[in-house]
Amino acid sequence: MRVAVFSTKAYDRDFFRLANAAFGHELVYFETRLSSQTAALAKGYPAVCVFVNDDLDARVLLMLQRGGTRLIALRCAGYNNVDLQTAAQLELTVARVPAYSPQAVAEHTMALILAAARRLHKAYNRVREGNFSLDGLLGMDIAGKIAGVIGTGKIGRLVAKRLLAFECRVLAFDLAADDELAAAGVEYVTTDEIFRRSDIITLHCPLAPATKHLINEESLALMKRGVMLVNTSRGALVDARAVTRALKSGKIGALALDVYEEEADLFFEDLSNQVIQDDIFMRMLTFPNVIITGHQAFFTHHAMEHISRQTLDNITQFERGEPPGGLIKWEDIRGSGAA
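A few points on the structure. (Residues numbered from 1 in each chain as written. Predicted model: local features only at pLDDT ≥ 70, side-chain atom pairs only at ≥ 80, totals over all residues. Heavy atoms only, no water.)

**Section: helix α6 (residues 154-165)**
- In this model, α6 (twelve residues) spans 17 Å end to end at C-alpha, consistent with the 16 Å of a helix rising 1.5 Å per residue.
- Along α6, the residues that are buried comprise G156, R157, L158, V159, A160 and L163.
- Residues of α6 that are buried make contact with α4 (102-118), β6 (146-150), β7 (169-173), α7 (179-184) and β9 (200-203).
- Just downstream of α6 lies E167, where phi reads positive at about 65°. (Helix = DSSP H or I, 4+ residues; strand = E, 2+ residues; numbered from the N terminus. Expected span 1.5 Å × (residues − 1). Buried < 20%, exposed > 50% of the residue type's maximum accessible area, 1.4 Å probe, protein only. Contact = heavy atoms within 4.5 Å.)

Structure below.
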């Protein structure tokens, strides 16, 4: 099948080239993001392959459908950038990679927690400059702390297990409790109780209307002074303006992010020679207790191999007239209340 692959980098092309040897699709790569300004590039392609910051709103989907596209192949797990209701009305099939490497994201989450707890980002830069002073590097033990995990799906449950191994007391919230985690000692509580009791809060829930800006002025007001907040899930779970004010007041003691609500114009690009125009993002970077990585939690060799194979397999199954393994149905999402 002829596929227009948007938002591609050299590493995407490398992994897809290797994986495609077993599938034989015609992959045409575009570095640009998919949007209403670039959707015309997909004219004549029965399938498009897109990533997290591509825009698939109603206007773009209509343009794709009129251009002959029938399949939207997401090479990611999240689908909040797709208007699934419009896709269903236009009879466009949408498929994703639901669980490419939960371990990769869970391990990156723990790396951020440890780095924030021990100020590793500051220490690294100091040593490179020949500064071996310990002033300002006083850290905290993870053991014995109360850690709150919001969302215990494939990634969240792995994070909870790792926090237990670090001898944390783990609180969790999910619409459906995980019996194995509960048996291991994880205490399921409300989100408000997590906000009130936790020393560390890490987010692993999907982005939906009910969870947008889950971290806001009201939830921050409930938290302990000096709380550590970690987000490797979806940027819009966090109200960045409210978090910036909480950093300034000292309410947040450490912030570790791999995602950001307005990341589409920032992440995955080299902007080192440009003046970044996002004032909120740049303000967060001024705080010494903030660590931000550029949406790289998923980015491991194993995960990229799996993403490539699963995406191409979804395309092959669609081409054969079969439901793709990562099929997303609007009626299922609507019925579950997840979006």
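Picking up after the structure, the text goes on.
**Quick notes on the packing of helix α1 (residues 10-20) against helix α12 (residues 301-319)**
- Direction vectors running N to C along α1 and α12 enclose 60°, while the axes themselves pass 9 Å from each other. By the angle class used here, α1 and α12 are oblique. Considering how the two elements wind past one another, α1 and α12 form a crossing that is right-handed. Mapping the contact onto sequence places Y11, D12, F15, F16, A19 and N20 in α1 and H301, M304, E305, S308, R309, T311 and L312 in α12. (Axes fitted to C-alpha atoms, helices over the stretch in contact; angles between N-to-C directions. Parallel < 35°, antiparallel > 145°, perpendicular 65-115°, else oblique. Left-handed = near helix turned anticlockwise from the far one by under 90°.)

**Details of the pairing of strand β2 (residues 26-29)**
- Inspection of the sheet shows strand β1 (residues 2-5) paired to β2 by four bridges, in the parallel sense. For V3, the partnering residue across the bridge sits in β2 and is L27.
- Crossover connection from β1 via α1 to parallel β2: handedness right-handed. (Pairing = 2+ DSSP bridges. Right-handed = clockwise from strand over helix to strand, strands pointing away.)

**A word on the sheet that holds β7**
- The sheet built from seven strands is open, its strands ordered β8-β7-β6-β9-β10-β11-β12 with parallel pairing. Of all strands in the sheet, those bounded by a partner on one side alone are β8 (187-188) and β12 (290-292).
- Where β6 lies against β9, four bridges are found, and the strand directions are parallel. When the sheet's bridge partners are listed, G148 is paired in β9 with I201.
- Each of β9, β10 (227-231), β11 (252-257) and β12 touches α4; the most contacted strand, β10, lies at about 150° to it.
- On the sheet, helix α10 (residues 240-249) packs against β10, β11 and β12 and is oriented at approximately 140° with respect to β11.

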